[in-house]
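# Survey of secondary and tertiary structure
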Amino acid sequence: MTPRSRSARSGGYRCTECDQRTAQWVGRCPGCQAWGSLEQVEIPRAAGSRTVVAGAPSTPAQRIADVELDSSRARPTGVDELDRVLGGGLVPGAVVLLAGEPGVGKSTLLLEVAARAASRARVLYVSGEESAGQVRLRAERTGGVHDELYLAAESDLESVLGHIEQLRPSLLIVDSIQTMSTATVDGSPGGVTQTRAVTVGLTALAKQQGLSVLLVGHVTKDGGIAGPRVLEHLVDVVLHFEGDKHSALRMVRGVKNRFGPADEVGCFELRDSGIVGLPDPSGLFVDRFGQGTDGVQPGTAVTVVMDGRRPLLAEVQALVAGANIPSPRRAVTGLDASRVPMLLAVIERRGGLKLHDAEVYTATVGGMKISEPAADLAVALAVVSAKRDVRLPADLIVLGELGLAGELRRVHGVGRRLAEAARLGFTRAIVPAGAETGATGMKITEASTLMEIMKRLR
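Conventions and cut-offs
- Each chain has its residues counted from 1, running along the sequence as written.
- A pLDDT threshold of at least 70 governs which residues receive local features in this predicted model, and a stricter bar of 80 or more applies before side-chain atom pairs are shown or counted, although totals over entire chains, interfaces and linings include all residues.
- Side-chain calculation: all heavy atoms of the structure are included, whereas hydrogens and water are not.
- Each helix is a run of H or I in the DSSP string that is no shorter than four residues. Each strand is a run of E no shorter than two, and both are numbered from the N terminus.
- Relative accessible area decides the class of each residue, using a 1.4 Å probe on protein chains only: under 20% of the type maximum gives buried, over 50% gives exposed, and in between gives partly exposed.
- By definition in these notes, contact holds between two residues if any of their heavy atoms fall within 4.5 Å.
- Using a 1.4 Å probe, the Shrake-Rupley method yields the accessible areas, and only the shown protein chains count as cover for residues.
- Working convention for charge: Lys and Arg count positive, Asp and Glu count negative, and His plus the chain ends are omitted.
- By convention, the charge on Lys lies at NZ, on Arg at CZ, on Asp at CG and on Glu at CD.
- In this analysis, the protein atoms alone were mapped onto a 1 Å grid. Cavities are point sets where a 1.4 Å probe fits without being able to get out; pockets are open sets with protein on both sides within 12 Å along at least five of seven lines; lining residues have an atom within 4 Å of a point.
- Grid points are joined across faces, edges and corners, and a volume is the space filled by probe spheres set on the points.
- Lys, Arg, Asp and Glu make up the charged group, whereas Ala, Val, Leu, Ile, Met, Phe, Trp, Tyr, Cys and Pro make up the nonpolar group; the residues left over, Gly among them, are polar.
- To estimate how far a helix should extend, the number of its residues minus one is multiplied by 1.5 Å.
- Just to be clear on terms, a salt bridge is a Lys or Arg side-chain nitrogen sitting within 4 Å of an Asp or Glu carboxyl oxygen.
- Side-chain atoms alone can form a polar contact between residues adjacent in sequence; in general such a contact is a pair of N or O atoms within 3.5 Å, and within protein one must be able to donate a hydrogen while the other accepts it.
- Two strands are said to pair when DSSP picks up at least two bridges between them.
- To get an axis, a line is fitted to the C-alpha atoms, and for a helix only the part in contact is used. The angle between two axes follows their N-to-C directions and goes from 0 to 180 degrees.
- Classification of ring pairs rests on two measures: the distance between centres of Phe, Tyr or Trp rings, Trp counted by its six-membered ring, which must be within 6.5 Å, and the angle between planes, read as stacked under 30 degrees, edge-to-face over 60 and tilted in between.
- Confidence scores here are pLDDT values: one per residue, from the predictor, ranging 0 to 100.

Let's shift gears to the overall build of the protein chain. Across its full length, the protein chain holds 12 helices and 21 strands. With respect to the three principal axes, the spread of C-alpha positions in the protein chain is 85 × 55 × 50 Å. Burial statistics for the protein chain: of 458 residues in total, 45% are counted as buried. A separation of at least 24 residues holds for 65% of the contacts in the protein chain among residues at least 6 apart in sequence. Carbon and sulfur atoms form 50% of the exposed surface of the protein chain, whose accessible area is close to 22700 Å². One finds the centroid of the 53 positive side-chain charges in the protein chain at a distance of 5 Å from the centroid of its 51 negative side-chain charges.

Structural data, given as structure tokens:
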């Protein structure tokens, strides 16, 4: 019997993803179905017989009204769109986890943040995936070279702590957390044990020294953050960096934020010279103007979607082709693939428009992805416009959710949506009956059913 087994006994196995416990080890967690996430839990033999003794507190308790706030206020990073998602900037001592697919632009964005922050204080950029020379080449291309920006190509936590003690930076960027390891625990870099241990060490250091830490994380095939789920509980802020490789649009979406709203979205455009924030991204999604006064082509409708708290204009296009096709295609791009067929059935059954023998293609413009039901009316009118070859007015916005009975249901934030549309020059809108539109100066048309609107498009 080993010394470890004499002093402790096994308490079964615990899943690091969902915390479910099992009596014996299995390769796949029976609760969350994660592979290789079970670890042994050991219980000291004398744990049940000892009495917990009070110890001296590390810091005295104080009234909440006496707690100083100056040291905990957010400091802008210099990248406005990122500050929007963070809730104003980085809080000293905060640990932020930025996750995204390979090649989406995580390193480029954080190098931009590092260069902006270096103009005010010292920054340490630790790269575990690239050499210092590779990072320097990217910094030259994006204009991110600064005297107070230090690079270190390290993958060992103890070495990183040595750099921190020597440089005393105000911001630490680790790219990526899955490449880091520590000698204090067993396991390979990127494993559950190593990743958690490194994150715990960096989090403790951040709280102790008031050091802001930005961690880059990988994602799984399903788009979730790789590594143990406990990482998301250890850090203060979790951000998802999203983007299509065929589009220049990039979005930073807040998932968790202890210092601000967790539903904000920041928009960026990836260029050859780096990544640029888009304070007004609606132009990427709408291509209606400059096409003449006769309106846009048939099969096009514009709506306003809410991405977090942000209203964004979105253009929906549809194409209806052919007739009497035995097995017509239904192609969907950028929309909910399970909801579009339902809308087509509502149009045919409630609106009397024959679609079952024709091929229908629906898509968004600019690489935007729409999932909220508020775009139902835009999808429906785009299909009706394409089928009847009738153009919608170029200055028209349509909003509303469609029910199976063809009724038009209200959506939240109609006033904010219409205000954004009015700011961009739209003058007319079709909204559900009873919606709170606010004072936008637009010509508002209320409708209760899809059939009412279809009659006006003849």
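Here the narrative resumes, following the displayed structure.
A separate point is the layout of surface pockets. Approximately 680 Å³ is the volume found for the largest pocket. Looking at the largest pocket, it is lined by 26 residues, and the ones nearest its centre are Glu 242, Gly 243, Met 251, Arg 253 and Lys 369. When residues of the lining of the largest pocket are traced back to their parent elements, those giving at least two are strand 4 (95-100), strand 9 (237-243), strand 10 (249-257) and strand 13 (300-307). Here the element with the most residues in the lining of the largest pocket is strand 9; it accounts for four residues. Residue classes in the lining of the largest pocket are distributed as 10 nonpolar, eight polar and eight charged.

Along its 13 residues, helix 3 (residues 106-118) runs 18 Å from first to last C-alpha, staying within 8% of the 18 Å computed at 1.5 Å per residue. Looking at helix 3, one finds that the buried residues are Lys 106, Ser 107, Thr 108, Leu 109, Leu 110, Leu 111, Glu 112, Val 113, Ala 114, Ala 115, Ala 117 and Ala 118.

What follows deals with the side chain of Asp 175. For Asp 175, the location among the structural elements is in strand 7 (residues 171-175). For Asp 175, which is buried and forms no salt bridge, the nearest opposite charge comes from Arg 138, at a distance of 5.5 Å. Polar contacts involving the side chain of Asp 175 include one to the side chain of Ser 107, which spans 2.5 Å. Side chain to side chain, Asp 175 and Tyr 125 meet in a polar contact 3.1 Å long. Setting aside chain neighbours within four positions, we find Asp 175 in contact with Ser 107, Tyr 125, Val 126, Ser 127, Gly 128, Glu 129 and Val 216.

Ordered by their spatial adjacency, three strands build an open sheet running 17-20-21, and the pairing between neighbours is parallel. The open sheet is flanked by strand 17 (396-398) and strand 21 (443-447), the only strands paired with a single partner. Within this sheet the neighbouring strands show an average axis-to-axis angle of 20 degrees, counted without direction. For strand 20 (residues 428-432) and strand 21, the ladder comprises five bridges, and the chain directions are parallel. Its bridge partner lying in strand 21, Pro 432 is registered against Ala 447.

All chains considered together, the criterion is met by three cavities of 30 Å³ or more. Taken as a whole, the largest cavity spans an internal volume of roughly 70 Å³. In this structure, the largest cavity is lined by Leu 335, Asp 336, Arg 339, Val 340, Leu 343, Ile 370, Ser 371, Glu 372, Ala 375, Asp 376 and Val 379. For the lining of the largest cavity, the elements supplying multiple residues, two or more each, are helix 9 (340-351) and helix 10 (376-388). For the lining of the largest cavity, the per-class residue count stands at six nonpolar, one polar and four charged.

The next point concerns the packing of aromatic side chains. With the rule as written, the count across this model stands at one aromatic pair. With 6.4 Å between their ring centres and 85 degrees between their planes, Phe 241 and Phe 268 make a pair best called edge-to-face. Of this pair, Phe 241 sits in strand 9 while Phe 268 sits in strand 11 (residues 265-271), and the two are 27 residues apart along the sequence. Look at Phe 241 and you get buried, because its relative accessible area is 3%. The exposure class assigned to Phe 268 is buried, which follows from its relative accessible area of 1%.

What follows concerns the pairing of strand 11. Among the seven residues that make up strand 11, five are buried, leaving the element largely enclosed by the rest of the structure. The pairing of strand 10 with strand 11 spans five bridges and is classified as antiparallel. The residue of strand 11 that forms the bridge with Val 252 is Gly 266. Two successive antiparallel strands, strand 11 and strand 12 (residues 274-277), enclose a turn made up of two residues.

When the pLDDT values of the protein chain are averaged, the result is 86; 91% of them are 70 or greater. Averaged over each element, pLDDT in the protein chain is lowest for helix 1 (residues 3-7) (40) and highest for strand 18 (residues 401-402) (96). Under a pLDDT of 50 for its full length, residues 1-8 has, in the predicted model, 10 contacts with residues more than four places off or in other chains. Contacts from residues 289-293, a stretch scored under 50 in pLDDT, to residues over four places away or in other chains number four contacts.

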